[in-house]
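Chain residues, written in single-letter form:
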Amino acid sequence: METIAPSPEAETIAILETIETRLRWLSSWTIHNANHLRESRDGLKVGGHQASCASITAIMTALYFGALRPNDKVAVKPHAGPVLHAIHYLLGQQSLNALQRYRGLGGAQSYPSRTKDSIPVDFSTGSVGLGVAITAFASLIQDYLIAHGDLAEADAGRMIALMGDAELDEGNIYECLIESYKHDIRNCWWIVDYNRQSLDSTTADRMFRRFDDIFETCGWRVETLKHGKLQRDAFARDGGQAIADWIDACPNAEFAALTYQGGAAWRTRLHADLGGAGESLALIDTFDDDALAALMTNLGGHCIETLLDAFARCGDDVPTLFIAYTIKGYGLPFAGHKDNHSGLMNPGQIHALRDRLGIAEGDEWAPYGGLGDNVAAQARSVVERSALATARPVPTAPAIPLPDALPAPEGAEWSTQAAFGRILLDLAKSGHPIADRIVTTSPDVTVSTNLGAFVNQRGLFRRQELADVFSAARIPTAQKWAGHGAGQHIELGIAENNLFLMLAALGLAAPLFGTRLMPIGTVYDPFIARGLDALNYACYQDARFLLVATPSGLTLGPEGGAHQSINSPLIGIGQPGLTYFEPAFADELALMMHWAFEQIQADDGGSTYLRLSTRTIPQVTRTDDRWKADALEGGYWLVEPGAARDVAIVFTGAVTPEVLEAHAALADDVPGLGLLMVTSPDLLHRGFSARHAQRWTGDTRAACHAETLLDRLAPGAGLVTVIDGAPSTLSWLGGVRGMRVSPLGTDRFGQTGDLPDLYRLYRLDAEAIVDAVAELLL
């Protein structure tokens, strides 16, 4: 009988199936080693999600070794981190040491991290949903760069998210989906590991087809991969259609339970439910128990051929959702069990899996252990031909030249918000190279945060031309916003999560695409909290941007408490990767904006948060520039302490008029009263903390800036701290030199009113400051 050689495609699929098995093993063993073999000094469970890894190994195999192109970027499902590490281990880009120290200090991270992992990571993930949504915004930024001539169309890649189906419960997914529809995004794939199990439960059966409807309505193509080739072949046989119909009707929880119980349970249930379908029962009985279990669990997300075919069908730039049906814990002893999310194989189970895979004891870490020389060589060849086989260098973005300084707008009175708009407008008109790199964005508050003039000058970004209908009709309007490919403002709907994800994508343009941008996002200060998770996510992966938030505190009095911020200064102090400033004067603001642009490009830089105000403040007259260096370290003496040095007023931002009024009222009774302008409570606190860390770091640096400033006062002097925000933002300064403190600030939800009434009610007016000084002196 003549032997028919398998086709090259069949051979490739067989090798990819072998690689998939290796990834499932290596990810499982990495987690097992961390939990059962490595020394535990604290008795805590290390974890690692073996079941979540097993459900996605076929998807990642088909993607990374079959479909991925060199310029594609991938955000990996957080719980699939060990699979990503195993992939790079096969590629020779991850060390054995890092795998053996998984979830330990210096080892492979729990969830993929741009800044903590040694392997290439395109997007950090961890907080579910955010790693998915950022790919849509990255796709938009890629199109922005193409439209501006900074990236060739031929070099465009797909922005791909690998997601667990439970992430589809996250609201930011749908906020992003709406925004991506508005901006007509392309080159974006979201691949759902649809195992229908989350931590607590199985997915509701009624969600079947709902995701298709939602995404198709938003212009996405939906590819549902429910059945693998083995199932499809069986369905084509006599009696097969009834089995297909039974699978489609089977509730998720029951399918999971039968998967866990195995072939005998499948047979009993199918015989009971299909008793009247003789052809179907005859077909079922052609399979033994193991083969029947393999057939019933041969879902699309575990079939390499099905996955490759689907990826190949979608080679255009249409955004695509792949719903790949899978089984949580596939190939592991607790496959389908409802408690498997945090489950770990015990030593007996992992050893049985090792033996079943033909891996010799002691060869558990061998990249191709148990495969035999020929198969191992074939697998290695496929891996080495993949798009990731050659480590991708991080693109080097040329530095953007900066002017020596940003001129402050002239005038006797300015609000910091208005000054911000004027500085940006002057930059837009200047013709300086930095102006072409600025990209602004805002969640439907462009006008009310003073970005309008910049947009008038530079335009909205749209891939297709968007006429300004009002201007074309000669209807008077202050906003002349035409949309075109050269525009530099990306307008968003009113969803703060989208703002921070957009800033994250803009801020990663340099390492992802090789072009540095200067992203500026504006938002209402009280609503930072609505997108705080996404802001933290952006900072965690070292995206660089300037966040401008306004109005601060109570200063939008008539809007009431819902539009007044309290704890945002504490967010600024507590957020790593973000430096918070609160300027009072226009020249301070210009100085800080220039500093922020420097930090966006600095090797050890970061992002900047400016807390601004709509309140108009008389500008101070400067006699020299000596204040500037201190201002960029966190504060300077606006009025130097006099001889007595017993008390000082420490303040920041919009309360400056009340402080100056109180200072004038106290001039005769408290001569030499100092006024300490704090420009960045964040930098002062950071320096203070670093100073005390010297005890264990061995650093011998000089006194911190807060100490230097407060040394101008007598020992035991008193401080009145004043901020339109949480009083603890400044009150900690009393601990720097052991000084008494009388803190003023807002620690309650505000209400409507004008500033005189509100500042009197919340004890931020000049009278309250005078009383606080008196309290300290008396």
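Because the structure is predicted, anything quoted here is derived from the model rather than measured.

Caption draft 1: Expanded view of the sheet that holds strand β2 (residues 159–164). Taking strand neighbours across the sheet as the criterion, the five strands line up as β1-β2-β3-β5-β4 in an open arrangement whose pairing is parallel. Taken across any chain shown, the strands that pair with only one partner, and hence form the sheet edges, are β1 (73–75) and β4 (221–225). Across the sheet, the axes of successive neighbouring strands diverge by a mean angle of 15 degrees, strand direction being ignored. Alignment of β2 against strand β3 (residues 188–194), held across six bridges, turns out to be parallel. Counted as the bridge partner of Gly 164 is Asp 193 from β3. Contacting β1, β2 and β3, helix α6 (residues 130–147) crosses the sheet at an angle of about 170 degrees to β2.

Caption draft 2: Highlighting unusual backbone geometry. The linkage connecting Thr 550 with the following residue, Pro 551, adopts the cis geometry, with an omega of 0 degrees. Among the structural elements, Pro 551 can be located in the loop between β12 (546–549) and α25 (568–574). At Asp 444, a position not held by glycine, the phi torsion is positive, near 65 degrees. Within the secondary structure layout, Asp 444 lies in the loop between β7 (438–443) and α20 (452–458).

Caption draft 3: Inspection of the sheet that holds strand β18 (residues 674–678) at higher detail. Taken in spatial order, the five strands make up an open sheet running β16-β18-β17-β19-β20, and their pairing is mixed. Strand pairing shows two members of the sheet lacking a second neighbour, β16 (635–639) and β20 (740–744), which therefore form its edges. Sheet twist, expressed as the mean angle between neighbouring strand axes with direction ignored, is 25 degrees. By the bridge criterion, four bridges tie β16 to β18 in an arrangement that is antiparallel. Paired with Trp 637 across the two strands is Leu 676, which belongs to β18. Packing of helix α33 (residues 766–777) onto the sheet brings it into contact with β17 (647–651), β19 (718–722) and β20, and relative to β20 it is tilted by some 165 degrees.

Procedures and definitions
Residues numbered from 1 in each chain as written. Predicted model: local features only at pLDDT ≥ 70, side-chain atom pairs only at ≥ 80, totals over all residues. Heavy atoms only, no water. Pairing = 2+ DSSP bridges. Helix = DSSP H or I, 4+ residues; strand = E, 2+ residues; numbered from the N terminus. Axes fitted to C-alpha atoms, helices over the stretch in contact; angles between N-to-C directions. Contact = heavy atoms within 4.5 Å.

Read these as geometric descriptors, not functional statements.
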